Amino acid sequence: MDGRRRRVGSPDLSYGDSVGIARNRSVILRTIHGYYKEALDALPLEDMPELSPWLLDAGVCFGFADPVTNIVANTLCFLSENYGEADHEGATADILRLLPDKNGEPEPDGTKKRKWKAKEAAMSREEVLSKIGAGNTPSSQSQEARTIAERSLDGLVMFLTSYFCYLPSWDALRYLCLAKADLLVAVRLIEIDRCYDKEDGFCIGSYAAKTALKYAALSARQPNASDFYSISLASRLKLITQAVLADQLSAEKIRWLSRMLKKTTYKLEDLDNPMLVADERVHSCCHSNAIGEKVPGGLTISLRSVLLDRIHSHYLKAISHIPTQDVRFCYHRGLVNAGFCYGPLDPVANIIVNTIWYDTTFPALENLEVDMICTSTFVRVESRSLSGLINHLLTCIPEISEHEAMVYLLKNNLEVKRAIQMARSEGCDISDSDITAYKVAAIGSFHPEVEAYIVFVTQHLPSVQSTVKSLLKLPNTLSSSDVHQISTLLCPSNCNPAKPLKANLEMVDELSSDALEMFGWFKEDFIFQQNFLRKKIETALKNKVLSFMFFLVCCDELGLPLFSLLYIATIFVPS
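For every chain, the first residue of the written sequence is number 1, and numbering continues from 1 onward in sequence order. Local features in a predicted model are, by the rule used here, given only for residues with pLDDT of at least 70; side-chain atom pairs are given and counted only at 80 or more, and totals for whole chains, interfaces and linings are based on all residues. Side-chain figures throughout are based on the complete set of non-hydrogen atoms in the structure, without hydrogens or water.

### Some details on the overall build of the protein
- Within the protein one finds 26 helices and 2 strands.
- Per-residue accessibility, obtained with a 1.4 Å probe over protein chains only, is compared with the maximum for each type, and a residue is labelled buried under 20%, exposed over 50%, and partly exposed between these values. Per-residue burial for the protein yields a buried fraction of 53% across its 575 residues.
- The contact definition used throughout considers only heavy atoms, calling two residues in contact when any of these lie within 4.5 Å. Put simply, 73% of the contacts in the protein that link residues at least 6 apart link residues at least 24 apart.
- Each accessible area is a Shrake-Rupley result for a 1.4 Å probe, and residues are judged covered by the shown protein chains and nothing else. Accessible surface, the protein: about 26500 Å² in total, of which carbon and sulfur atoms supply 53%. Comment: elements are numbered from the N terminus, with helices defined as DSSP H or I runs of at least four residues and strands as E runs of at least two.

What follows is the structure, encoded as structure tokens:
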């Protein structure tokens, strides 16, 4: 099949602009149209004219193989297993009864409908190609009137936006342009841009992949959306792809392919890995500038959301390393007020160190045991951490933009030191003023004690950093004695902090009776909600929990609790 990897237009970089979206759709539809032409050339329409309506009804180009193989495989999903065996009505008539109607249901027997289907099946390749269509569908056109090419595009976009969090549809179109409408190549390009680790890579057996595929089939109005064949195709990917791409298919080979696709007994470990094959297509299929392309500046919102997800995972790891009772009784306040992930260590260690230092240096006036974490407070500290990281990097590398700073953070797993080293290796000028960088980071993250933190992170912490790192012994969970030793090393007598919290609070104007009443109500409501939710969860999980831990916190800057609730980290075992 010569010409499979044709060149197409470059993606329009207008991003969310309607003109750019329309142009990208047009480019992708032209590419898809070319794939259908190749599929039609491969199918034996003269010997099996009934393949034409099957293709127009169900032959979408998305799946876990290359687009042409997907078209052929999805087209054959309605082929009867006993195709070619003579019966009282003839094999062709038996197959035509299986063709779906507009609602995806097999049509009933009837002379008129069989004749109409037979007439449609006898269409020439040119007639079928004209029905596939390559133009862009107006938004006002009905869903039923969409061509198979347009339905395929809708399915491709739906898969990408369902599988990847925070991916807008116009960005999915950009990736599909770069990937020439090859689904798994687009998946690989997004993984490259988002710096996915190997263990986070695409897996066809995952719930997320199967769910995204189902949504794609529904979006494309696929007649067999609930029984899509791409997983079965993936189980014999190399074999089926080689058969489809080798030469024009014979009727006998069509029957063999159909039988292979209908074999559903397979094990996940026996599946061909479609991403290995897709990696080979990345270089042969994509535009020359697709690999290693910088993440465009129009994607800042999406990129920020991806970074916040990674920061969230760091916070969960940090909380899991501190003993549960210590978090509940003591360190919940330090975590939400000043437990930011920037500093001289890795993000998880920074969160732990910053949390312990703040609670040790500025202890609360009144201890409060809590069992919950406030959703909005948790989101707030994560967002402020990201702002601090970005400001730190922008101060150290003045020539880069905010978006470029986020790209460096993404590529280096939020570690500022590694990001700076990468920028230096790429020829960027680096500022070596740690005091200025940490001050800008603290201000950008609304740190409650900016000056004290600068003294701590630039003067005291370097002198005890090696000892603190040895005590952290991540990824193991700290013991209470470990936390106490770290707290002693970071105690205020060694780092000469600003005035303690009590002295600072004395300078604040006395709260009015209404304000005191309001905070008292917050506290009472929080305790009520906490007790209520805890009892509900403990009842629901009784005899079904191996380890039940509450990770905990809901406070404002004064240590007074708020009442939005979130429980995390519950481990289930079979009953």
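Picking up after the structure, the text goes on.
### Details of the pattern of salt bridges
- Salt bridge, as applied in this entry: a Lys or Arg side-chain nitrogen positioned within 4 Å of an Asp or Glu carboxyl oxygen. Scanning the entire structure with this criterion turns up 9 salt bridges.
- With a shortest N-O distance of 3.8 Å, Asp-193 and Arg-174 are connected by a salt bridge. Remark: Arg-174 occurs in helix H8 (residues 169–178) and Asp-193 occurs in helix H9 (residues 183–193); sequence separation between them is 19 residues.
- Residue classification places Arg-174 among the buried residues on the basis of a relative accessible area of 1%.
- Its salt-bridge partner being Glu-191, residue Arg-188 comes within 3.3 Å of it at the nearest N-O pair. Pair noted here: Arg-188 and Glu-191 are both in helix H9, with a separation of 3 residues, about one helical turn.
- Connected through shared salt-bridge partners, Arg-25, Arg-146 and Asp-154 make up one network.

### Quick look at the nonpolar core
- If you look at the biggest cluster of nonpolar residues, it comprises 71 residues, and the most contacted ones within it are Ile-32, Tyr-36, Leu-55, Ile-132, Phe-159, Leu-160 and Phe-202.
- Ignoring anything within four residues of it in the chain, the contact list for Ile-132 reads His-33, Tyr-36, Leu-40, Leu-55, Leu-56, Thr-147, Ile-148 and Ala-149. By nonpolar core is meant a set of buried Ala, Val, Leu, Ile, Met, Phe, Trp, Tyr and Cys residues that side-chain atoms within 4.5 Å join together.

### Quick word on the environment of Ile-527
- Structurally, Ile-527 can be placed in helix H26 (residues 513–540).
- Overall, Ile-527 belongs to the partly exposed group, its relative accessible area being 33%.
- Sequence separation between Ile-527 and Met-372 is 155 residues; the distance between their C-alpha atoms is 9.8 Å.

### Remarks on helix H15 (residues 300–321)
- How far a helix is expected to stretch is found by multiplying one less than its residue total by 1.5 Å. Between its first and last C-alpha, H15 extends 32 Å over 22 residues, near the 32 Å set by a 1.5 Å rise per residue.
- Turning to H15, its buried residues number three or more, namely Ser-302, Leu-303, Ser-305, Val-306, Leu-307, Arg-310, Ile-311, His-314, Tyr-315, Ala-318, Ile-319 and His-321.
- Buried residues belonging to H15 abut helix H16 (324–338), helix H17 (347–361), helix H18 (375–396) and helix H19 (402–411).

### Topic: unusual backbone geometry
- Within the chain, Asn-413 stands out as a residue other than glycine whose phi angle is a positive 55°.
- Along the chain, Asn-413 turns up in the loop between H19 and helix H20 (416–425).
- In this structure, Phe-446 takes a positive phi of about 60° despite not being glycine.
- Here Phe-446 is to be found in the loop between helix H21 (434–444) and helix H22 (450–472).
- With relative accessibility at 56%, the residue Phe-446 sits in the exposed group.

### A word on H19
- With 7 of its 10 residues buried, H19 lies for the most part within the structure.
- For H19, the complete set of buried residues consists of His-403, Ala-405, Met-406, Val-407, Tyr-408, Leu-409 and Leu-410.

### As for the confidence of the model for the protein
- One number per residue, pLDDT, summarises how confident the predictor is, and it ranges from 0 to 100. The pLDDT averaged across the protein works out to 76; a share of 71% of its residues lies at or above 70.
- Taken together, the stretch residues 1–9 has pLDDT below 50 and engages in 30 contacts with residues farther than four places along the chain or on a different chain.
- For the stretch residues 545–575, pLDDT sits under 50, and the model shows 101 contacts to residues farther than four places along the chain or on other chains.

### Comments concerning the packing of H16 against H17
- Axis definition: a line fitted to C-alpha atoms, limited for helices to the stretch in contact. Angles are taken between N-to-C directions and run from 0 to 180 degrees. Contact geometry for H16 and H17: axes closest at 8 Å, N-to-C directions at 115°. Regarding the angle of H16 to H17, the classification is roughly perpendicular. When the axes of H16 and H17 are compared, the crossing they make is right-handed. Along its contact with H16, which presents Cys-330, Tyr-331, Arg-333, Gly-334, Leu-335, Asn-337 and Ala-338, the element H17 presents Ile-351, Asn-354, Thr-355, Ile-356, Tyr-358 and Asp-359. Put simply, angles under 35 degrees are roughly parallel, angles over 145 are roughly antiparallel, angles from 65 to 115 are roughly perpendicular, and the rest are oblique. Left-handed is the label given to a crossing in which the near helix is rotated counterclockwise from the far helix by less than a right angle, and right-handed is the label when the rotation is clockwise.

### Some remarks on the packing of helix H2 (residues 51–58) against helix H6 (residues 125–132)
- Viewed as axis vectors pointing N to C, H2 and H6 meet at an angle of 10°, and their least axial separation amounts to 11 Å. In terms of orientation, H2 lies roughly parallel with respect to H6. Within the contact between the two elements, H2 uses Ser-52, Leu-55 and Leu-56 and H6 uses Val-128, Lys-131 and Ile-132.
- Any residue that is not Ala, Val, Leu, Ile, Met, Phe, Trp, Tyr, Cys, Pro, Asp, Glu, Lys or Arg is counted as polar, Gly included; the first ten are nonpolar and the last four charged. Partitioned by chemical class, the residues of the contact of H2 with H6 number 4 nonpolar, 1 polar and 1 charged.

### Notes on the packing of aromatic side chains
- The rule is short: rings of Phe, Tyr and Trp, with Trp giving its six-membered ring, pair when the centres are within 6.5 Å, and they are stacked under 30 degrees, edge-to-face over 60, tilted in between. In the structure shown here, the tally under the stated rule is 17 aromatic pairs.
- On the basis of an interplanar angle of 40° and a centroid distance of 5.4 Å, the ring pair of Tyr-358 and Phe-362 is categorised as tilted. Each member of the pair, Tyr-358 together with Phe-362, is buried.
- Through a chain of ring-to-ring contacts, the aromatic side chains of Phe-340, Tyr-342, Trp-357, Tyr-358, Phe-362, Tyr-438, Tyr-453 and Phe-456 assemble into a single cluster.
- A ring is considered to have a charge above it if a Lys NZ or an Arg CZ atom is located within 6 Å of its centre and within 35 degrees of its normal. Its end group placed over the ring of Tyr-175, Arg-174 keeps NZ or CZ at 4.3 Å from the ring centre.

### Here we look at the side chain of Arg-151
- Tracing the backbone through its elements, the reader meets Arg-151 in helix H7 (residues 148–163).
- His residues and chain termini do not enter the charge count, which takes Lys and Arg as positive and Asp and Glu as negative. Here Arg-151 is buried and forms no salt bridge, its nearest opposite-charge partner Asp-57 lying at an N-O distance of 5.5 Å.
- For Arg-151, the side chain forms a polar contact with the main-chain oxygen of Leu-56, separated by 3.3 Å.
- Beyond its immediate sequence surroundings of up to four residues, Arg-151 is in contact with Leu-56, Asp-57, Phe-62, Arg-146, Ala-220, Arg-221, Gln-222 and Pro-223. Pairs of N or O atoms are called polar contacts if they sit within 3.5 Å, as long as, within protein, a hydrogen donor faces a hydrogen acceptor (for residues adjacent in sequence, only side-chain-to-side-chain pairs).

### Focus on the environment of Val-468
- Mapped onto the elements, Val-468 comes out in helix H22.
- Placed 21 residues apart in sequence, Val-468 and Leu-489 show a C-alpha to C-alpha distance of 7.7 Å.
- When near neighbours in sequence (up to four residues on either side) are disregarded, Val-468 contacts Val-353, Ile-486, Leu-489 and Leu-490.

### What to know about the environment of Ala-181
- Relative to the helices and strands, Ala-181 resides in the loop between H8 and H9.
- The spacing of Ala-181 and Arg-30 is 151 residues in sequence and 9.8 Å in space, taken between C-alpha atoms.
- Setting aside anything within four residues of it in sequence, one finds Ala-181 in contact with Ile-28, Thr-31, Ile-32, Tyr-35, Pro-67, Leu-156 and Leu-176.

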